[in-house]
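# Inside the fold
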Amino acid sequence: MIGSKKTDPFFASLLNIAKNVQEATHYADDFRIETVADLKEISVKVKNYETAGDKLIHELIVMLNKSFMTPIEREDILQLAVRMDDILDGVDDFTANLEMFSLIEIDDSMRTFLGYIVKSTDEIVKAMELLAQKKLLKMHENSVLIKDYERKCDEVLRSSIKQLFLNEKDPIRIIQFKDIYEKLEEVADYCQNVATTIEAIIMRNA
């Protein structure tokens, strides 16, 4: 691109981490589970994203250890990376538990959770793109949306557990579904943690 400035390698690295997380959540949301074999497939694929995420984090840490100067505080760079990685770990947990329970029924509540999580990771990628362009103040809009999606996930958790206890008679299935709902709400919390880190970075650097 003519006249474009070279992206700082640390910001490029954070953007790569964010895009990997985004891809994993989109994959989990798009995947249609119909058989127990599908559960194995989605679990393996998400685990691959998680392994790729670990590699990206490792590369970032190596870069941090070698660098004298960083564009923002090195603690902020690392915290942002680790908190994005938490989202990936949470999605990995979710798909691993589906497989463990042989749970092929992805209900409306799970779909709603995943929808908000996907939207959150989309906002995280947009925020990392703005960070790479050093447009820190604009990241605030992404952060506000992520926090709003997390609030909506809180509401989904409450209503879905209420419906579960009203409609499901099998105590085993109650335990399984409740566990899955709580895992997904935890992923939304991890997204919110990224938003909180973004806010702290804006405050310190903008």
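Scroll up for the structure.
Residues numbered from 1 in each chain as written. Predicted model: local features only at pLDDT ≥ 70, side-chain atom pairs only at ≥ 80, totals over all residues. Heavy atoms only, no water.

## Quick look at the nonpolar core
The line we're drawing: What makes a nonpolar core is a set of buried Ala, Val, Leu, Ile, Met, Phe, Trp, Tyr and Cys residues whose side-chain atoms join them at distances within 4.5 Å. Between buried and exposed lies partly exposed: a residue is buried under 20% and exposed over 50% of the maximum accessible area for its type, with that area taken using a 1.4 Å probe on protein chains only. Secondary structure counts use DSSP, requiring at least four H or I residues in a row for a helix and at least two E residues in a row for a strand, with both numbered from the N terminus. In this analysis, two residues are considered to be in contact whenever any of their non-hydrogen atoms come within 4.5 Å of each other.
Core analysis: the largest hydrophobic core is formed by 66 residues, its most contacted members being Leu-14, Leu-80, Met-84, Leu-98, Met-110 and Met-128. Those elements that provide at least two residues to this core are helix 1 (9-30), helix 2 (36-66), helix 3 (74-101), helix 4 (108-132), helix 5 (139-167) and helix 6 (171-205). At 13 residues, the largest contribution of residues to this core is made by helix 6. In this structure Leu-14 touches Leu-60, Ile-77, Leu-80, Ala-81, Met-84, Met-128 and Leu-131, once residues within four positions along its chain are discounted.

## Topic: the side chain of Asp-76
With respect to the helices, strands and loops of the structure, Asp-76 is situated in helix 3. Residue contacts for Asp-76: discarding those within four places in its chain leaves Thr-197, Ile-201, Arg-204 and Asn-205.

## Quick notes on the packing of aromatic side chains
How we decide: Ring pairs shown here join Phe, Tyr and Trp side chains whose ring centres sit within 6.5 Å, with only the six-membered ring taken for Trp; geometry is labelled stacked below 30 degrees between planes, edge-to-face above 60, and tilted in between. Two limits define a charge over a ring: the Lys NZ or Arg CZ must be within 6 Å of the ring centre, and within 35 degrees of the ring normal.
Tallied over the full model, the rule gives five aromatic pairs. Of the aromatic side chains, those joined through ring pairs into one cluster are Tyr-27, Phe-31 and Tyr-49. The ring of Tyr-27 has Lys-45 sitting right over it, with the charged end atom 5.9 Å from the ring centre.

## Overview of helix 1
Threshold: The span one expects for a helix is its residue count, reduced by one, times 1.5 Å. Any N or O atom pair separated by 3.5 Å or less is treated as a polar contact, with the protein-specific requirement of one donor-capable and one acceptor-capable atom, and with residues adjacent in sequence counted only for side-chain atom pairs.
Over its 22 residues, helix 1 extends 31 Å from the first C-alpha to the last, a length consistent with the 32 Å expected when each residue adds 1.5 Å. Among the residues of helix 1, the N-terminal cap falls to Asp-8, whose side-chain oxygen and the backbone nitrogen of Phe-10 are separated by 2.8 Å.

## Comments concerning the pattern of salt bridges
Pairs may arise between side chains of opposite charge once their charged atoms sit close together. Put simply, the rule is: Salt bridges are defined as contacts in which a side-chain nitrogen from Lys or Arg sits within 4 Å of a carboxyl oxygen from Asp or Glu.
Inspection of the entire model under this criterion finds twelve salt bridges. Between Arg-173 and Glu-105 there is a salt bridge; the shortest N-O distance is 2.8 Å. With Arg-173 in helix 6 and Glu-105 in the loop between helix 3 and helix 4, this pair connects stretches of sequence that are 68 residues apart. Judged by relative accessible area, which is 23%, Arg-173 ranks as partly exposed. A relative accessible area of 36% places Glu-105 in the partly exposed class.

Purely geometric stuff here, so don't read any function into it on its own.
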